[in-house]
Amino acid sequence: MNRPKKRLSQNFLTDSLVINKILNVVNPKEDERFFEIGAGKGALTKMFVGRVKVMESIEIDKDLLPKLKQLESSSNNLFIHEDNILRFNLDSLSENKHKYRIVGNLPYNISSKIMMWSFKNMKRIEDLHFMFQKEFGERLISNPGNKSYGRLSILTQYMFESFYLFKILPESFTPKPSVESIFIKFVPRQKKDINSPKVKKLQEVTHMLFSKRRKKISTSFKNILSQNELIDLRVNPDDRPELLGVRDFLRLTEYLLKKNNV
Ligand code: SAM
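Please read all numbers here as calculations on a predicted model, not as lab measurements. The written sequence of each chain sets the order in which its residues are numbered from 1. Restriction of local features to residues with pLDDT of at least 70 applies here, the model being predicted, together with a cutoff of 80 or more for giving and counting side-chain atom pairs; totals for whole chains, interfaces and linings are based on all residues. As a rule here, side-chain values come from all non-hydrogen atoms in the structure, and water together with hydrogens is ignored.

Moving on, we come to the pattern of salt bridges. Counted as salt bridges are all cases of a side-chain nitrogen of Lys or Arg within 4 Å of a carboxyl oxygen of Asp or Glu. Evaluated as defined, the whole model comprises 18 salt bridges. As a salt-bridge pair, Glu32 and Arg101 come within 2.9 Å of each other at their nearest N and O atoms. Of this pair, Glu32 sits in the loop between helix H1 (16–26) and strand E2 (33–37) while Arg101 sits in strand E5 (residues 100–105), placing them 69 residues apart in sequence. Exposure is judged per residue with a 1.4 Å probe applied to protein chains only, and the accessible area is read against the type maximum: over 50% gives exposed, under 20% gives buried, and values in between give partly exposed. Relative accessible area serves as the criterion here: at 8%, Arg101 is assigned to the buried category. With a closest N to O distance of 3.4 Å, Lys176 and Glu171 form a salt bridge. Each member of the salt-bridge network shares a partner with another, and the members are Lys5, Asp61 and Asp63. Secondary structure elements follow DSSP: runs of H or I no shorter than four residues count as helices, runs of E no shorter than two count as strands, and numbering proceeds from the N terminus.

With that settled, consider the site of the ligand. Around the ligand, the surrounding shell holds 22 residues, and the nearest of these are Gln10, Leu13, Gly38, Glu59 and Asn84. Polar contacts here mean pairs of N or O atoms no more than 3.5 Å apart (in protein, one a potential hydrogen donor and the other a potential acceptor; neighbouring residues in sequence count only if both atoms are side-chain atoms). Between Ala39 and the ligand, the recorded distance is 3.4 Å, taken from a backbone N or O atom to a nitrogen atom. A distance of 2.8 Å is found between a nitrogen atom of the ligand and a side-chain nitrogen or oxygen belonging to Asn84. Throughout, the Shrake-Rupley method with a 1.4 Å probe supplies accessible areas, and for residues the shown protein chains are the sole cover considered. Contact with the protein chains removes 98% of the 600 Å² of surface that the ligand exposes when unbound. Put simply, Ala, Val, Leu, Ile, Met, Phe, Trp, Tyr, Cys and Pro go in the nonpolar bin, Asp, Glu, Lys and Arg in the charged bin, and everything else, Gly too, in the polar bin. For the shell around the ligand, the class distribution of residues is eleven nonpolar, seven polar and four charged. Any residue with at least one heavy atom within 4 Å of a molecule or strand is counted as near it.

Time to look at the packing of helix H4 (residues 111–120) against helix H6 (residues 151–159). At a minimum axis distance of 11 Å, the contact between H4 and H6 shows a crossing angle of 30°. By the angle class used here, H4 and H6 are roughly parallel. In this structure, H4 meets H6 at a crossing whose hand is left-handed. Along the contact surface, H4 presents Ser112, Met115, Met116 and Phe119, while H6 presents Leu152, Leu155, Thr156 and Met159. Here the contact of H4 with H6 is built from residues that sort into six nonpolar, two polar and no charged. For helices, the fitted axis covers only the stretch in contact; all axes are lines through C-alpha atoms, and the angles between them, taken along N-to-C directions, range from 0 to 180 degrees. What sets the label is the angle itself: under 35 degrees gives roughly parallel, over 145 gives roughly antiparallel, 65 to 115 gives roughly perpendicular, and the rest give oblique. For any helix crossing, the convention is left-handed if the near helix is rotated counterclockwise from the far helix by under a right angle, and right-handed if that rotation is clockwise. Pairs of residues are marked as contacts when any of their non-hydrogen atoms sit within 4.5 Å.

Treat this as a map of the structure, not an account of what it does.
What follows is the structure, given as structure tokens:
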């Protein structure tokens, strides 16, 4: 038997109550297409494949492939991809450009990168259901004023509508991780493009402000926006960036885009 690989964040779901809870909240339908990130030993794959039209699952670990391939050959709608999710483009999946529902008990060590992957593949995504390390997941859905609120919260909340679903205890996995987990649903917002000048500027603005998280907004924006411009934009120059909501960041972004004539 292969030993679980820490470097690939291999903590396999073994708790049938949690697996059924996932199935219930995701509620897969027989005319839907699913794409699973990190199939592992197939705990979720097995449960979804009989309930959906198409199940595409990606797994990077060659040692886990024989079992997954076996599962693939015993069903007619499962497609296993031996690949790295970070190099995989959903556009390569079908010529008809269908949308996919994405599901995954993610490799926690690349959660941020998988969120960026999701932003890039947004056009092909119906919705996402992801399991993360609890602290990381909380960052994504966190509100202004919260310690965990930051750049990734703002970008995620601009690109997706997010819904907290439930927490999962370490005992539900083998091997047992040292952290708690969280299951979250995301629905892409309409007409958001990670490569648009607006989103690029938004990322610049959040970077500028959050790299000096403890500084006043007016200090971080010295030489960029005056105190009066900030006040006109309904931003208190003396506030710290973590008090600004996504809409405040957007007002700043749009103003700077116009000012720089982009
Ligand atoms: N879905 C299974 C479950 O719930 O038991 C496995 C979940 S485990 C937390 C994450 C899985 O993602 C592992 O099987 C791991 O090998 C795989 N993985 C890690 N990095 C990956 C990558 N870059 N691309 C694809 N799969 C990856």
